[in-house]
Each structure stands twice: as C-alpha cells, then as structure tokens.
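Observations on chain architecture
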Amino acid sequence: MIEVKNVDKSFDGNKVLKNVSAVFETGKTNMIIGQSGSGKTVLMKSIIGLHRIDNGRIEYDGRNLPDMRMSDIRILRREVGMLFQGSALFDSLSVMENVMYPLEMFSPSTKEEMVERARFCLKQVNLEEKAFGLAPSEISGGMQKRVAIARAIALQPKYLFCDEPNSGLDPKTSLIIDQLIHEITHLFGITTIINSHDMNSVMEIGENIIFIENGEKAWQGNNKDIFHVHNEALNNFVFASELFKQVKSVNQ
Amino acid sequence: MSLLNDTGMYVLLMKRVLVQPDRWRMFFRQFPKELEKLGLQSLPIVIIISVFIGAIMTIQTKLNSSNPLLPTYTTGLVTRDTLLLEFSSTIMCLILAGKVGSNIASEIGTMRITEQIDALEIMGVNSANYLILPKIVAFVVMIPFLVIFSMALGLVGGYFVSLFTDVISTADYLTGIQYAFVPYYVFYSVVKSLVFAFVITSVASYYGYYARGGALDVGKASTNAVVNGSILVLFFNLLITSLMLG
C-alpha cells in the first residue's frame, strides 16, 4: 500500500500540488485522473521520487520516501516497476535484452534462470516469440507497451506505476493493455497506480480513482460511483465526450 | 552565474559517475562497445586528417624555410616536432571533440528526452555511472593509441611528399625526422591527450544528461558539448603546456 499524506509541491513559487492525501491500495488498479495540467503527472513523479516534495509524507508500506537517503531510495526502487508513456525501451537492446536488463542488474539468478524469467514475462504479456530478438524500433507501439510491462514486472515488483499507458494506441489495443495491467495487478498482488485521462480505461479498470483538479484531490471513489457524483469539475471531465454524454442520458 | 551553476552540476554529475559500477559485468559489456564506437570508428577520420596534414605541413614548412643557412633536414625536423607537440594531440582532439562529443551528447540526450534515463533511475540503477563511465574509460584508453597512430601517419604523409614530389628529397626528410628526437615530447603529448579525452567525454555527457525538451534541445546540447569541450581542450592545453614544457 502507498499512502500519500498532505503533499505539497511547487515549481518556482507556483504551487502545483496542494495538500494532497490519498491511499493507493494493494492488489487494486488505482487511477489518478484529471485534465491536462491538473497536476496528476507531478503527483505520480513525486510518489516515485523523481520530484522532491515540499511538505508531506509518501509512505511505501510505512517507509517514508522523503526521509530516505539516495542509497535507500535505490533499494526501494528495485521493488518498483514503471510503464512510461513512450515505453522508454532501450534502443540499443533487443526486446529480450530489455526484459533481461533489470534481472542482469539486480537478480542473483543464473543466466538460464534469467532467460527463463524474461521469457515467462514476455509470454505473460502475450508477446509472440518471433518478436523476442527484434529491436524496439521494429515492433508496433502496442507491442512496445507490452514489452515495457514485461520489463516492469521482471523483478516481481510490489509497486507498479503506469504513466498514460494508452497514449498513442488505438481503442482495441488500449483495451488489451488495460486488461493486461489489471490481470497482472491481481495475479501478483501489486499496488498499481495508473496516471490517465482516458475515460474508457477508467471505466474498464478503475477500482480506486483519485480525481485531481488544480493540484487538489477533488474526489476519490471507484468506476461504479463516478457516474453518480455531484462534482462539477469531475462531471465536466467524465462527460466531456459525446459518447459518455449519451451514456449518461441513457442512464437517466 | 550560469557558469557557476554548470560547474557545480558538472562536479555533482562526476561524483555520481566516478564510483564503482553497480555490476562490473554490465560495465564490461558496455566497455568494448564504447571502445569500438568512440575509438575504432574514429580511425578513418584520424587516418585521413593525419596523412593530409603531415603532407601539407611538410610542403608549407619547406616553402617557408628557403633560407640557405638552414640545414636541409629542417623541414623534416619541424614537421615531426609540430606533429608530436601539437597536431596529433591538441588538433586531433579538437577534431575528435566534434565527432565523439556530438555523438555522446546526442545519444545520452535522446535517452533523456525519451525517458530511458528515467527508466534506469526507476529501476534503481545509477544511470550516470552506467551510461557515462564506460564512455570516459573507453575513450581515455583509446586516445593514446589514436595519438601515436596519428603521429606516425602524419610522418608518413610527409614521406609521401618527399617520395612523389620535388619539394624535398627523401634523404633530407628522413634525416630531419630522426634528428634530435626528444622522447619526452611523445610522453607530453600522450599526457595531454588523456586529459583532453576525459574533458571531451565528460563535458559531452554532461550536456546530454541534462538535455531537456525535444529533438531541438538535443541538437543544442550537442552543439554546446562540442563548443565548450573544444574551449576546455584549448584551456587545458595551455595549462599542461605551461606545467610540462614551461
């Protein structure tokens, strides 16, 4: 479980996060949603430790990240997997080598065990074996996302972060990626935090949703409640598309 | 203010770079790749430039030393000492600052803007050490060979002039390049090149590592790496020359 308590963060005097508190539960797909510029990416980067917060606590199962030394943060990060918006696969390595990389860096396993683990992770994300030897530039965006997920889970992380996992993907591939993240979260009991503004994803896998508006937590709930909340900012966000407006009218 | 800030950030980066690698196995996997990329792939430019500059230097020295009081071997001697003292270390490193510096800055800069460096950090890897140390060590290891190779090829270029033109006789040229040889000049040149190699790779890595934005910014980082790397090479050239020959 990751607990964020009274977090403030500003850049050059401009307060981007204002007293944000939230609980991200283990074994659930926790989502941070909000409009562009609302502060959701800053919140996620602060939780990971890529941004140093001004005030507050970020507790990884009781371990407060801002109090940790860099060497301890590095150790904690070995329990963290991350799926980046642009996949962030290493260009110079093949698909297989990308997944092997964290294992070679930190796992005490033998080479054969590492290869076996990498193959298992790639199979887990339904990647065809013929793609294992290809370079990231030779596979599609959807496949790159799958490889990135495989790499993120290679070291059996306790915490998984996904930054806009569906950006640049078609609706069908987006759905596959969402289901994959959801499956992996439940299968391995991971604390997953997804940063998204894709309402399809929210409805599909949003088990614990935090809505950020102007740097503040404006609402917390799940995908069953989100249609019935009387919060203007949230409603403007949720019902921005014609499709969801129609869904709302049908429901009414 | 910006200079102070850059210097401070450079020192902090080097503090992260110059530590023991997380995994020596990964370091030794990267190291030969960097030797090949930064060292062996620089050979063509070193060969071409050294041969041509050696030849041109021989012709120009001969044309500018037509005084009958000067011994006939002067051209060979001046060509050799210029190659040994300045060309094969300083000028060659300035040329390599362009090739190697832009290569490093654009590679690391692209990794930065595509979040590959963030991915390494999230994994708990010391990204600065993992990415930069093999490059510095590889280029520092390769540079003495490149410099000595350049010296030899420069002399070969001059030899070609004596062989295929009437500018200077082969006998005079060969006498000149062997006359009053000071081995210390080679040592001085190699020491200088080691410092230059460190400066070129570390400065380029610094600009690449802190690149922000998009492709345009990677281009800027690459330009800054070459310009500032070259200025620092010239500065250290002056400093080392004062210390070792002054």
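Nothing here was measured: the structure is a model prediction, and the numbers come from that model.

1. A look at the overall build of chain A
- Check the secondary structure of chain A and you find 9 helices and 10 strands.
- Considering only C-alpha atoms, chain A reaches an extent of 55 × 45 × 30 Å along its principal axes.
- Expressed as a percentage of its 252 residues, the buried residues of chain A come to 41%.
- A separation of at least 24 residues holds for 66% of the contacts in chain A among residues at least 6 apart in sequence.

2. Regarding the sheet that holds strand β10 (residues 216–221) of chain A
All names here are of chain A.
- Taken in spatial order, the 6 strands line up as β6-β7-β8-β3-β9-β10 in an open sheet, and their pairing is mixed. At either margin of the open sheet sits one strand with a lone partner, and together these are β6 (80–83) and β10. Across this sheet, the average inter-strand angle for adjacent strands is 20°, counted without regard to direction.
- Along the sheet, helix α5 (residues 141–153) makes contact with β6 and β7 (159–163), crossing β6 at roughly 175°.

3. Considering the nonpolar core
- Grouped together as the largest cluster of nonpolar side chains are 125 residues, with contacts concentrated most on M82, V99, I149, A150 and F161 of chain A together with F139 and I200 of chain B.
- In terms of residue count, helix α6 (residues 127–164) of chain B provides more of this core than any other element does, 16 residues in total.
- Both of domain 1 (2–79 + 159–251) and domain 2 (86–156) of chain A provide at least three residues apiece to this core.
- Ignoring anything within four residues of it in the chain, the contact list for I200 of chain B reads C93, L96, A97, V100, G101, F139, G229 and V233 of chain B.

4. Comments concerning the packing of helix α3 (residues 43–63) of chain B against helix α4 (residues 74–113) of chain B
All names here are of chain B.
- At their nearest, the axes of α3 and α4 sit 10 Å apart, and the two run at 145° to each other. For the element pair α3 and α4, the recorded crossing hand is right-handed. For the pair α3 and α4, the contacting residues are I45, V46, I49, S50, I53, G54, M57, T58, T61 and K62 in the first and T75, V78, T79, T82, L83, F87, S88, M92, I95 and K99 in the second.
- Across the contact of α3 with α4, the residue classes break down as 10 nonpolar, 8 polar and 2 charged.

5. As for the domain arrangement of chain A
All names here are of chain A.
- Taken domain by domain, chain A comprises domain 1 (2–79 + 159–251) and domain 2 (86–156).
- Spacing between the C-alpha centres of domain 1 and domain 2 amounts to 25 Å.
- On the side of domain 2, 10 residues touch domain 1, which itself brings 11 residues to the contact.
- Per-element tally for the side of domain 1 that touches domain 2: the top contributor is helix α6 (residues 171–188), with 6 residues.

6. Details of α4 of chain B
Residue and element names in this part refer to chain B.
- Along its 40 residues, α4 runs 54 Å from first to last C-alpha, staying within 8% of the 58 Å computed at 1.5 Å per residue.
- The largest bend in α4 comes to about 50°, at L83.
- Of all 40 residues in α4, 28 are buried, a share of seventy percent or more.

The rules we used
- Residues numbered from 1 in each chain as written.
- Chains lettered and ligands numbered in written order.
- Predicted model: local features only at pLDDT ≥ 70, side-chain atom pairs only at ≥ 80, totals over all residues.
- Helix = DSSP H or I, 4+ residues; strand = E, 2+ residues; numbered from the N terminus.
- Buried ≥ 20, exposed ≤ 12 C-beta atoms within 10 Å, placed from the backbone.
- Contact = placed C-beta atoms within 7 Å.
- Pairing = 2+ DSSP bridges.
- Axes fitted to C-alpha atoms, helices over the stretch in contact; angles between N-to-C directions.
- Core = buried A, V, L, I, M, F, W, Y, C linked by C-beta atoms within 7 Å.
- Domains from an automatic or database assignment.
- Left-handed = near helix turned anticlockwise from the far one by under 90°.
- Nonpolar A, V, L, I, M, F, W, Y, C, P; charged D, E, K, R; others polar.
- Expected span 1.5 Å × (residues − 1).
- Bend = angle between axes of the 7 residues up to and from the residue.

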